[in-house]
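Each chain, written out:
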Amino acid sequence: MARPVFARMYPRIAGRAEGRGGAAHRRRALAGLRGRVVEVGAGHGANFRHYPATVDEVVAIEPEPHLRERARLAAREAPVPVSVRDGVAERLPGEAQSFDAGVVSLVLCTVPDQGRALAELHRVIRLDGELRFYEHVASQSAWEARVQRLADLTVWPRISGGCHMARDTTAAIERAGFQIETLERFGFSPLASLPPAPHVLGVARRG
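It should be emphasised that the depicted structure is a prediction, and the values quoted were computed from it without experimental measurement.

Chemist: Summarise helix H4 (residues 142-153); cite the residues concerned and give the values.
Modeler: A rise of 1.5 Å per residue sets the reference length of H4, with its 12 residues, at 16 Å; its end C-alpha atoms lie 17 Å apart and thus fit the reference within 8%. Every buried residue of H4 is listed here: Ala145, Gln148, Ala151 and Asp152. Considered in projection along H4, the buried side chains sweep an arc of 120° and stay on one side of the axis. In H4, the exposed positions angled more than 90 degrees off the buried face are occupied by Trp143, Leu150 and Leu153. Packed against the buried residues of H4 are helix H5 (156-159) and strand S7 (197-206).

Chemist: Can you lay out the side chain of Thr169 for me, pointing to particular residues and giving the numbers?
Modeler: For Thr169, the location among the structural elements is in helix H6 (residues 169-175). On the basis of relative accessibility, which here comes to 1%, the residue Thr169 falls in the buried class. At 3.1 Å, the side chain of Thr169 forms a polar contact with the side chain of Gln114.

Chemist: Tell me about the sheet that holds strand S5 (residues 125-136), and name the residues and values.
Modeler: The strand order S3-S2-S1-S4-S5-S7-S6 describes an open sheet built from 7 strands, whose pairing is mixed. Where the open sheet ends on each side, the last strands, each with one partner, are strand S3 (82-85) and strand S6 (178-188). Across this sheet, the average inter-strand angle for adjacent strands is 15°, counted without regard to direction. Bridging between S5 and S7 involves 7 bridges; their strand directions are antiparallel. By the bridge assignment for S7, Arg132 is matched with Val203. Against the sheet, helix H3 (residues 114-124) contacts strand S1 (35-40), strand S4 (99-105), S5, S6 and S7, and its axis sits at roughly 145° relative to S5.

Conventions we followed
Chains are numbered independently. Their residues run from 1 in the order of the written sequence. Totals for whole chains, interfaces and linings use every residue, but because this is a predicted model, local features are given only for residues with pLDDT of at least 70 and side-chain atom pairs only at 80 or more, for both listing and counting. By convention in this description, side-chain values take in all heavy atoms of the structure and omit both hydrogens and water. Helix and strand labels come from DSSP, where a helix needs a run of H or I of at least four residues and a strand needs a run of E of at least two; each type is numbered from the N terminus. Expected helix span is taken as 1.5 Å per residue step, with the number of steps being one fewer than the number of residues. The classification of residues rests on relative accessible area computed with a 1.4 Å probe and restricted to protein chains. Under 20% of the type maximum is buried, over 50% is exposed, and intermediate values are partly exposed. Think of the arc as the fan of directions from the helix axis to the C-beta atoms. In what follows, a contact means two residues having at least one pair of non-hydrogen atoms within 4.5 Å. As used in this structure description, the phrase polar contact means that two N or O atoms lie within 3.5 Å; if the pair is within protein, one of them must be able to donate a hydrogen and the other to accept it, and residues adjacent in sequence are counted only when both atoms belong to side chains. Between any two strands, pairing holds if DSSP finds at least two bridges. Interaxial angle, 0 to 180 degrees, is taken between N-to-C directions of lines fitted to C-alpha atoms, where a helix line uses only the stretch in contact.

Structure below.
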């Protein structure tokens, strides 16, 4: 799943976002994780340096070739063992219930089939295991949600690597069989030139 132009732009944009609060969001999303973790859509490895020492192993999945190579470089500096693999969210490696936790960070907006990706996470996470999520989502304002839907139907996915702004991701997480335990909603803009977009950060339990 090569997106060469977007893949070279994204790390620069993400780097600016980290300094505006994105790094703190990632640390909070990963705090307290334990055991064996699968991270879906690892990108260039922005999460890796934030994993706590209580994590035994991270299996990071990234389909885009350029971002995957960047992630492999980032894995060398990670405080925990990280293996970066080619793959897609809709077909994750591993047997059923083979991970203690799953991590999704700014990726469920982009996966082609959100429901199938979450079903795969439900499959590979053990019973009572965790899904940690940090995502931008559809606005709770009717007017803003209409603007998001219009953008999704026109230019936005084409210029943003397949991203969709109007997905109701928390509802999709619950439909997949997870129970949301903690949920924080907040506005965040990765760039000073963009208005804040609605984000969610939380923990869901695999039932």
